[in-house]
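# Observations on the three-dimensional arrangement
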Amino acid sequence: MFAAENGLKSDPRLQGISEAIRVVPHFPKQGIMFQDITTLLLDHKAFKDTVDIFVDRYRGMNISVVAGVEARGFVFGPAIALAIGAKFVPLRKPRKLPGEVISEAYELEYGTDCLEIHVGAVQPGERAIVIDDLVATGGTLSAAIRLLERVGAEVIECACVIGVREVKGQCRLNGKPLYILVEPRQIDNCC
């Protein structure tokens, strides 16, 4: 669900967040309208508003784990975790964590990838949310859900700053709710 459909319809913070995200046409390849959050991070107010909206949503929900998907989930996840009194757990790409790990492979449009979590980072029964910057098909988030559930977590929701209105892979989110702040921006008269 989009934040605007969940009580924030007239909240000016959403427009500020959307406007702070730069759109880079044809990156990393022709036809892609890359949603660059680095400009959001440069805008103190928009960055703070992004974190605050997530914190307002998850405070009081007894979340004990904020799992961030590498790499941009690492930007938002720790701040949210600190504010709601939860721990931050990184979900990393292969061979990035030094200890014993559990892995979850998933399909991409152009191949496969994998997420890993440290053994013991999450205890059975802990309530978790998954944070990433953008959702397009839901494949990465679905892998994150499966990985967390394999270690016994109860995944409450996935949250992304940017998401397409018709998440093609929403059915692959294993029935977990998806909370999105803004839709991808487009550029008029682009190339």
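Structure: above.
As a starting point, this report considers the structure included with it. (Residues numbered from 1 in each chain as written. Predicted model: local features only at pLDDT ≥ 70, side-chain atom pairs only at ≥ 80, totals over all residues. Heavy atoms only, no water.)

## Considerations on the side chain of Glu-70
By secondary structure assignment, the location of Glu-70 is in the loop between strand E3 (65-69) and helix H4 (73-84). What makes Glu-70 buried here is its relative accessible area of 17%. At 2.8 Å, the side chain of Glu-70 forms a polar contact with the backbone nitrogen of Lys-93. In contact with Glu-70, not counting residues within four places along its chain, are Leu-91, Arg-92, Lys-93 and Lys-96. (Helix = DSSP H or I, 4+ residues; strand = E, 2+ residues; numbered from the N terminus. Buried < 20%, exposed > 50% of the residue type's maximum accessible area, 1.4 Å probe, protein only. Polar contact = N/O pair within 3.5 Å; in protein donor to acceptor, adjacent residues only side chain to side chain. Contact = heavy atoms within 4.5 Å.)

## As for the pairing of strand E8 (residues 154-163)
Among the 10 residues in E8, nine count as buried, and that is most of the element. Inspection of the sheet shows strand E7 (residues 127-135) paired to E8 by eight bridges, in the parallel sense. Each residue of the ladder has a partner; that of Ala-128, found in E8, is Val-155. For the handedness criterion, the β-α-β arrangement of E7, helix H5 (residues 139-150) and E8 is classed as right-handed. Where E8 and strand E9 (residues 178-182) come together, four bridges link them in parallel fashion. Pairing of Cys-160 across the sheet is with Ile-180, part of E9. (Pairing = 2+ DSSP bridges. Right-handed = clockwise from strand over helix to strand, strands pointing away.)

## A few points about the packing of aromatic side chains
Under the counting rule described, the total for this entry stands at four aromatic pairs. With centroids separated by 5.2 Å and ring planes inclined at 85 degrees, the aromatic side chains of Phe-27 and Phe-34 adopt a geometry described as edge-to-face. We classify Phe-34 as partly exposed; its relative accessible area is 24%. Where Phe-47 meets Phe-76, the ring centres are 5.8 Å apart and the plane angle is 80 degrees; that geometry is what we call edge-to-face. Of the two residues, Phe-47 sits in helix H3 (residues 44-58) while Phe-76 sits in helix H4, which places them 29 residues apart along the sequence. On the basis of relative accessible area, Phe-47 is assigned to the partly exposed category, the value being 25%. In this structure Phe-76 comes out as buried when scored by relative accessible area, which is 0%. When the ring centre of Tyr-179 is taken as reference, the NZ or CZ atom of Arg-57 above it lies at 3.9 Å. (Phe/Tyr/Trp six-rings, centres within 6.5 Å; stacked < 30°, edge-to-face > 60°. Lys NZ or Arg CZ within 6 Å of the ring centre and 35° of its normal.)

## Re H4
Residues spaced three or four apart along an α-helix point in a common direction, a consequence of the helix completing one turn every 3.6 residues. End to end, H4 covers 16 Å across 12 residues, agreeing with the expected 16 Å (1.5 Å per residue, within 8%). The complete set of buried residues in H4 reads Gly-73, Phe-76, Gly-77, Ile-80, Ala-81 and Ile-84. Projected onto a plane normal to the axis of H4, the buried residues spread over an arc of 130 degrees and lie on a single side. The inward-facing, buried residues of H4 contact helix H2 (38-42), H3, E3, strand E4 (87-91), E7 and E8. Looking at the residues trailing H4, positive phi occurs at Gly-85, about 75 degrees. (Expected span 1.5 Å × (residues − 1). Arc of directions from axis to C-beta.)

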